[in-house]
Structures are given as C-alpha cells and as structure tokens.
Amino acid sequence: MELVCDKSRVTKPRASFVLEKNTQLLVYKWLKSLRFSDGHASNISRLVNMEECRLYGVKSHDCHVFMQTLIPLAFCDLLSNGIWDALMEISHFFIDLCSSKLNVDHIERLKTNIIETL
C-alpha cells in the first residue's frame, strides 16, 4: 500500500474489496431485476434505490437470503478470487448455522472454521 501525501492530507488507495461506482450500479441493477417465488423473500427490487446506491427497508429474512444466496452470485465476477472465497466461506457458514438440523460435531467444525474464515 502506497500512501500519497500532499501538503495537508495523506490519502491511501482504496481497499481491494471496494467496488467502483459503475460496478456498484451493476450490482444494484441486478438486484432491481431479481424476482423470487412467493414466500421465499420479499420483493428485493422494491428496496433498491438506484440513485443513492442503497437498499432501504431490508428485513432480517431478506438479509439471510442475501448472505446465504445472493452474495456468492452477485460478486463472483466482480471481486478478486481471495475476497470472493472469503465471502463464500461466510455464506456457507451462515447456511450451515441456520440449517434446521445441527449436531454437536457439526457445530464444533463451524466453531473452529469461523476463526480462519474471518
């Protein structure tokens, strides 16, 4: 990382996981076009504000759907492999954690793997 200095400020380059504005717009356009079957998730396309590049009114279940399903799809071609792999690991962690059946061995594996994932 190389810092750039001028007389009054020091600036550093953007982190590798930060998306440029045009790439952010691609993600939000994709979210705007999503349609889910009834009962799976709310209409996420209604929550997208394209002008501000933000999501508004997202409910907790929609966050789960986003973390478990949409993150791997949305960012697979937009981020470097290392960052995308980390997002995939977190996504799999939430899928496993929220499954309807867990056993003690499975929870122990999740507990040890989350340290490396984070």
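Predicted model, so just to flag it, every value in this text is computed and none were measured. Residues take numbers from 1 onward in each chain, read along the sequence in its written order. Two thresholds apply to this predicted model, a pLDDT of at least 70 for residue-level local features and 80 or more for giving and counting side-chain atom pairs, whereas whole-chain, interface and lining totals are computed over all residues. To get the side-chain values, all heavy atoms of the structure are used, and hydrogens and water are removed first.

Caption draft 1: How the structure looks around the overall build of the chain. Secondary structure counts use DSSP, requiring at least four H or I residues in a row for a helix and at least two E residues in a row for a strand, with both numbered from the N terminus. A tally of helices and strands in the chain yields four helices and four strands. Scanning the chain from its N terminus toward the C terminus, one meets helices and strands in the order β-β-α-β-β-α-α-α. A buried classification covers 25% of the 118 residues belonging to the chain. Pairs at least 24 residues apart make up 41% of the contacts formed inside the chain by residues separated by at least 6 positions. Here, Shrake-Rupley sampling with a 1.4 Å probe gives the accessible areas, and only protein chains in the shown set may cover a residue. Total accessible area on the chain stands at roughly 8900 Å², and carbon and sulfur atoms take up 56% of it. To sort residues, take the accessible area from a 1.4 Å probe on protein chains only and compare it with the maximum for the residue type: under 20% means buried, over 50% means exposed, and anything in between is partly exposed. Whether two residues are in contact is decided by their heavy atoms: any pair within 4.5 Å suffices.

Caption draft 2: Seen up close, helix α3 (residues 81-97). For α3, spanning 17 residues, the distance from its first C-alpha to its last is 24 Å, which sits close to the expected 24 Å at 1.5 Å a residue. Ile83, Met88, Ser91 and Phe93 are the residues of α3 that are buried. Among the structural elements, α2 (60-75) and α4 (104-117) are those in contact with the buried residues of α3. What a helix should span is 1.5 Å times the count of its residues minus one.

Caption draft 3: A look at the pattern of salt bridges. Salt bridge, as used here, is a side-chain nitrogen of Lys or Arg placed within 4 Å of a carboxyl oxygen of Asp or Glu. Evaluation of the coordinates by the stated rule reveals two salt bridges. In this structure, Arg14 engages Glu20 in a salt bridge whose closest nitrogen and oxygen atoms are separated by 3.6 Å. On the basis of relative accessibility, which here comes to 53%, the residue Arg14 falls in the exposed class. You can call Glu20 partly exposed: its relative accessible area is 45%. Across the pair Arg109 and Asp96 runs a salt bridge whose closest N-O atoms are separated by 3.8 Å. Placement of the pair is Arg109 in helix α4 and Asp96 in helix α3, with a sequence separation of 13 residues.

Caption draft 4: Layout of the packing of α3 against α4. α4 packs onto α3 with a crossing angle of 155° between their chain directions and a minimal axis gap of 11 Å. Classified by the angle between their axes, α3 and α4 sit roughly antiparallel to one another. Note that α3 runs across α4; the crossing there is left-handed. Facing α3, whose interface residues are Ala86, Glu89, Ile90, Phe93, Asp96 and Leu97, α4 presents His106, Arg109, Leu110, Ile114 and Thr117. Convention adopted: a line fitted to C-alpha atoms gives each axis, helices being fitted over their contacting stretch, and angles between N-to-C directions are expressed from 0 to 180 degrees. Angular relationships are summarised with four words: roughly parallel below 35 degrees, roughly antiparallel beyond 145, roughly perpendicular across 65 to 115, and oblique for the angles in between. Each crossing gets its hand from how the near helix is turned against the far one by less than a right angle, where anticlockwise is left-handed and clockwise is right-handed.

Caption draft 5: Looking closely at the packing of helix α1 (residues 21-33) against α2. Between α1 and α2, the least distance of the axes is 11 Å, while the angle of their chain directions is 125°. One finds that α1 runs oblique with respect to α2. The element α1 and its partner α2 pack so that their crossing is right-handed. From α1, Val27, Trp30 and Leu31 reach across to α2, where they touch Phe66, Leu70, Leu73, Ala74 and Phe75. In the contact of α1 with α2, the residues fall into eight nonpolar, no polar and no charged. When residues are sorted by character, Ala, Val, Leu, Ile, Met, Phe, Trp, Tyr, Cys and Pro go into the nonpolar class, Asp, Glu, Lys and Arg into the charged class, and all the rest, Gly among them, into the polar class.

Caption draft 6: Structural view of the packing of aromatic side chains. Classification of ring pairs uses Phe, Tyr and Trp, with its six-membered ring standing for Trp, and accepts pairs whose centres are within 6.5 Å; under 30 degrees between planes counts as stacked, over 60 as edge-to-face, and the remaining range as tilted. Summed over all chains, the structure comprises one aromatic pair. Pairing Phe93 with Phe94 gives two aromatic rings, centres 5.7 Å apart and planes at 75°, and the pair type is edge-to-face. Here Phe93 falls in the buried class, since its relative accessible area comes to 16%.

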